[in-house]
Amino acid sequence: MALTFTVRRRDPELVGPASPTARETKRLSDIDGLEGFRAQVPCIFFYRCPPHTHAPPAGVIRKALAEALVSYYPLAGRLREVEARKLVVDCTGEGVLFVEADADVRLAELEAAGLRPPFPCLDQLLFDVEGSGGLFNCPLLLIQVTRLLCGGFVMALRLNHTICDAIGLAQFLSAVAELACGLPAPTVSPAWSRELLEVRTPPPVPHHEPDDAAPAPLPPPPPGGDMVLRTFTFTSAAVGAIRRGLPPGLRDTATTFEVLASALWRARTAALELPPNEDARLVFIANVRGVPALGLPSGYYGNACVPVPVLAAVEALTAGSLDDTLRRVREAKATVTAEYVRSVAGVLRRRSYNAMAKYVVSDTRRAGFQGVDFGWGVPVYGGPATAAFGTSFLVAVRNSDGKDAAALPIVLPRPAMDRFASKVETLLKG
């Protein structure tokens, strides 16, 4: 039986910066304005009750949030669109939306239900406050802190993706956490510097145009009632079993992401039983903070990631080998240069990206979510709260034995989910 519980919420409030901040308008980058980032994204964090006495979590986090917004003051502003769909944030200091709540459930019960998407009563742990869900003229961040019967708590949030990527969000939450723990200032100073990811005039010619590389779209997903969300967890032993299907050279050098993205793309494509002559497309989200020519400073918290497509005919993908697919992924990774990043910004800012491709996989394992400690210890789970058809995340999790693993929530039509699960089971047999 599915776990259900009641959540009692106080009235939502706006939390602004704790002291006066600049009133100005800041331009977002052309990467921030990509169609795929113009969305609200939910994340969730579960915390245990510590053995020592501690102040109520909502009050601690609310106070630290106001202090953090002094240096991260654009987050307290409001987004709007100007000429040529360019995004700007008006730094008004109006604040982010904050909700305090209590739930009649214990963390142990949530753990027994499985701390992986889909989470029970997510719509109550992250309540959609009326008028808060738009992109423009709405709070850029909604946070709900829900205290549990055991003394633990849940912090759920919804972020306007145009203002931060996963690493930027984790940086901000870490700043809040450090202030909550009594530090006088965050250890990482935020950097705006969005002009570094502006389109050149004229923009460079891209190696390929990511949203036009495979013009044939996927068939639309079936009605919502036929869709299933399920999370698959991959331990190091499970990844090792998949590696055994690779030749020695790749087996020893392939990253966990390359192995999982390649194997799961093949499994998903086969499970959907797409026409063999159709083009299948994987899109992975590449972090570009380490690209030297871009010059992004430490503390940059905007969207410093770009979509990178990998193309293959369905028949070639499903009938071919895992190492063929992995080599395609590696070749695509090698194209991510400063020129490519600016090309993506120039091409994609001017048109819709169609939900950023057929199957998008974003690796959040190193974003820093699992280290956000407000004084109650690190979260039992911290990361994306859900997934959608065509979009998955790799999330850092810990198994019951305390060992690190990677979780992948995925949404598929019910018959396809059964086929996908069967193919994953076959993969894990090596």
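Quantities reported herein were computed from a predicted structural model and do not represent experimental measurements.

Novice: What is the right way to look at the sheet that holds strand S6 (residues 87-90) in this model?
Specialist: On the basis of which strands lie adjacent, the open sheet formed by three strands has the order S3-S6-S5 and antiparallel pairing. Each edge of the sheet is formed by a strand with only one pairing partner; in this case those strands are strand S3 (25-27) and strand S5 (78-81). Across the sheet, the mean angle from the axis of one strand to that of its neighbour is 30°, orientation sign disregarded. Here S5 runs beside S6; their pairing, made up of four bridges, is antiparallel. The residue of S6 that forms the bridge with Arg-78 is Asp-90.

Novice: Looking at this model, I keep getting lost on the sheet that holds strand S12 (residues 305-313). Mind explaining?
Specialist: Sheet architecture is open: six strands sit in the order S10-S16-S15-S13-S11-S12, paired in mixed fashion. Looking at strand neighbours, the two that pair on one side only are strand S10 (227-235) and S12, the edges of this open sheet. The sheet shows a mean angle of 25° between the axes of neighbouring strands, direction not considered.

Novice: Looking at this structure, how should I read the packing of aromatic side chains?
Specialist: This structure, assessed with the given rule, holds eleven aromatic pairs. Seen from their ring centres, Tyr-72 and Tyr-301 are 5.0 Å apart, and the 65° between their planes marks the pair as edge-to-face. In this pair, Tyr-72 is assigned in the loop between helix H1 (57-71) and S5 and Tyr-301 in the loop between strand S11 (279-287) and S12, connecting sequence segments 229 residues apart. Each of the two residues, Tyr-72 as well as Tyr-301, counts as buried. Ring centres of Phe-232 and Phe-420 lie 5.2 Å apart, and the angle between their planes is 75°; on these two criteria the pair is classed as edge-to-face. Here Phe-420 lies in helix H11 (residues 414-428) and Phe-232 lies in strand S10, a separation of 188 residues in the sequence. Comparing Phe-232 with Phe-420, the two get one shared label, buried.

Novice: Honestly, the confidence of the model for the protein chain in this entry has me stumped. Any pointers?
Specialist: The predicted coordinates should not be examined in detail at positions where pLDDT is low. Considering every residue of the protein chain, the mean pLDDT works out to 90; 91% of them sit at 70 or more. Within the model, pLDDT remains below 50 along residues 202-219, and this stretch shows 44 contacts once partners closer than five positions in the same chain are excluded. Scored below 50 in pLDDT, residues 349-357 makes 28 contacts in the model with residues more than four places away or belonging to other chains.

Basis of the calculations
Residues numbered from 1 in each chain as written. Predicted model: local features only at pLDDT ≥ 70, side-chain atom pairs only at ≥ 80, totals over all residues. Heavy atoms only, no water. Pairing = 2+ DSSP bridges. Helix = DSSP H or I, 4+ residues; strand = E, 2+ residues; numbered from the N terminus. Axes fitted to C-alpha atoms, helices over the stretch in contact; angles between N-to-C directions. Phe/Tyr/Trp six-rings, centres within 6.5 Å; stacked < 30°, edge-to-face > 60°. Buried < 20%, exposed > 50% of the residue type's maximum accessible area, 1.4 Å probe, protein only. pLDDT = per-residue confidence, 0-100. Contact = heavy atoms within 4.5 Å.

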